[in-house]
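Inside the fold
What follows is each chain in one-letter form.
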Amino acid sequence: MGGLCLITGASSGIGAAVARMAAARGYDVAIIYHSNRAGAEAVAADVRAAGQTALLCPGDVATPEGVAAIFAQIDSHGAPLTALVNNAGVVDLPARVTEMTHARLRRMFDINVIGAILVAKEAVLRMQDRGGAIVNISSAAARLGSGGQYVDYAASKAAIDIFTKGLSDEVAASGIRVNAIRPGLIDTEIHAKGGLPDRAQKLAHMVPMKRTGTAEEVAEAVLWLMSDAAAYVTGAVLDVSGGR
Ligand code: NAP
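Computed from a predicted model, the values in this text were never measured in an experiment. (Residues numbered from 1 in each chain as written. Predicted model: local features only at pLDDT ≥ 70, side-chain atom pairs only at ≥ 80, totals over all residues. Heavy atoms only, no water.)

**Some remarks on the pairing of strand β1 (residues 3-8)**
For β1, the tally of buried residues reaches five of six residues, placing the bulk of the element in the interior. By the bridge criterion, six bridges tie β1 to strand β2 (residues 27-33) in an arrangement that is parallel. Each residue of the ladder has a partner; that of Ile7, found in β2, is Ile31. (Buried < 20%, exposed > 50% of the residue type's maximum accessible area, 1.4 Å probe, protein only. Helix = DSSP H or I, 4+ residues; strand = E, 2+ residues; numbered from the N terminus. Pairing = 2+ DSSP bridges.)

**Section: the UniProt feature "domain: Ketoreductase" (unreviewed entry) in the protein**
Under the local residue numbering, the UniProt record ascribes the feature "domain: Ketoreductase" (unreviewed entry) to residues 3-206. For residues 3-206, helix accounts for 49% and strand for 19%, while the C-alpha atoms at its two ends are 39 Å apart. (UniProt positions renumbered as here; feature names shortened; annotations may be inferred.)

**Concerning the packing of helix α1 (residues 13-24) against helix α2 (residues 37-49)**
Axis separation between α1 and α2 bottoms out at 8 Å; the angle between their running directions is 15°. As judged from the angle between their axes, α1 and α2 are roughly parallel. α1 and α2 meet at a crossing whose hand is right-handed. Residues Ala16, Ala19, Arg20 and Ala23 of α1 lie in contact with α2, whose contacting residues are Ala42, Val43, Asp46 and Val47. Classifying every residue of the contact of α1 with α2 by side-chain character gives six nonpolar, no polar and two charged. (Axes fitted to C-alpha atoms, helices over the stretch in contact; angles between N-to-C directions. Parallel < 35°, antiparallel > 145°, perpendicular 65-115°, else oblique. Left-handed = near helix turned anticlockwise from the far one by under 90°. Contact = heavy atoms within 4.5 Å. Nonpolar A, V, L, I, M, F, W, Y, C, P; charged D, E, K, R; others polar.)

What follows is the structure, encoded as structure tokens:
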């Protein structure tokens, strides 16, 4: 497909892997990050080394102002947006529902759900005349529930699954395909940010394939859903989880 691909949360982990792979496959990449400028700059250097344009866009997807700032940077670049990877997301410390505060729930849903919907809204407004592809990053947690660990996170990702279906129906006639991926236990920094640096390794025995996945293995599925090879695929949610 090629063109400009916007990736939220591209400063590390799955988003960074998608950005590098997208550049290798001929996309220019808008690298959206929140706090990790060094990580975003390293990804941008790799995108440019692959011969593609890299836009470095700071912005907080959790606020309307942050989303507006992201798209102001995209619009000033001028190139049409062909793909969006709605990847920015957070977990929190392990907790039972009886321990969860309103502030925790607000943060989780502002970033993982409202942020993803607002970013998709702005992308659709820019794609509806030409078509495009949106890939939302959900989680196997949306099926598993994550009881005793982070039910709020699981609920936020279940919202992404059904948002994917509903939005795909709304925009199919405009040539925009909307799909989601549910990664399983992927070896990234998100587990350390949730206070459990070795979470993925410790739970690997529960995966039928008996190992964690890599960010690159998720990126391969994202790139396929973005590509014309998936031209008849929309409203789908694809597990990339080693069978779990
Ligand atoms: P990660 O390395 O922690 O990456 C998270 C990314 O989200 C970072 O680039 C971060 O940016 C960005 N982000 C966080 N809050 C943001 C905000 N308010 N505004 C804009 N960007 C924000 O984790 P990851 O594992 O790659 O996760 C990527 C996605 O995959 C998430 O949606 C996650 O829920 C999902 N997922 C991961 C796994 C797994 O096992 N790793 C499994 C299932 C689903 P900064 O660092 O620049 O702030």
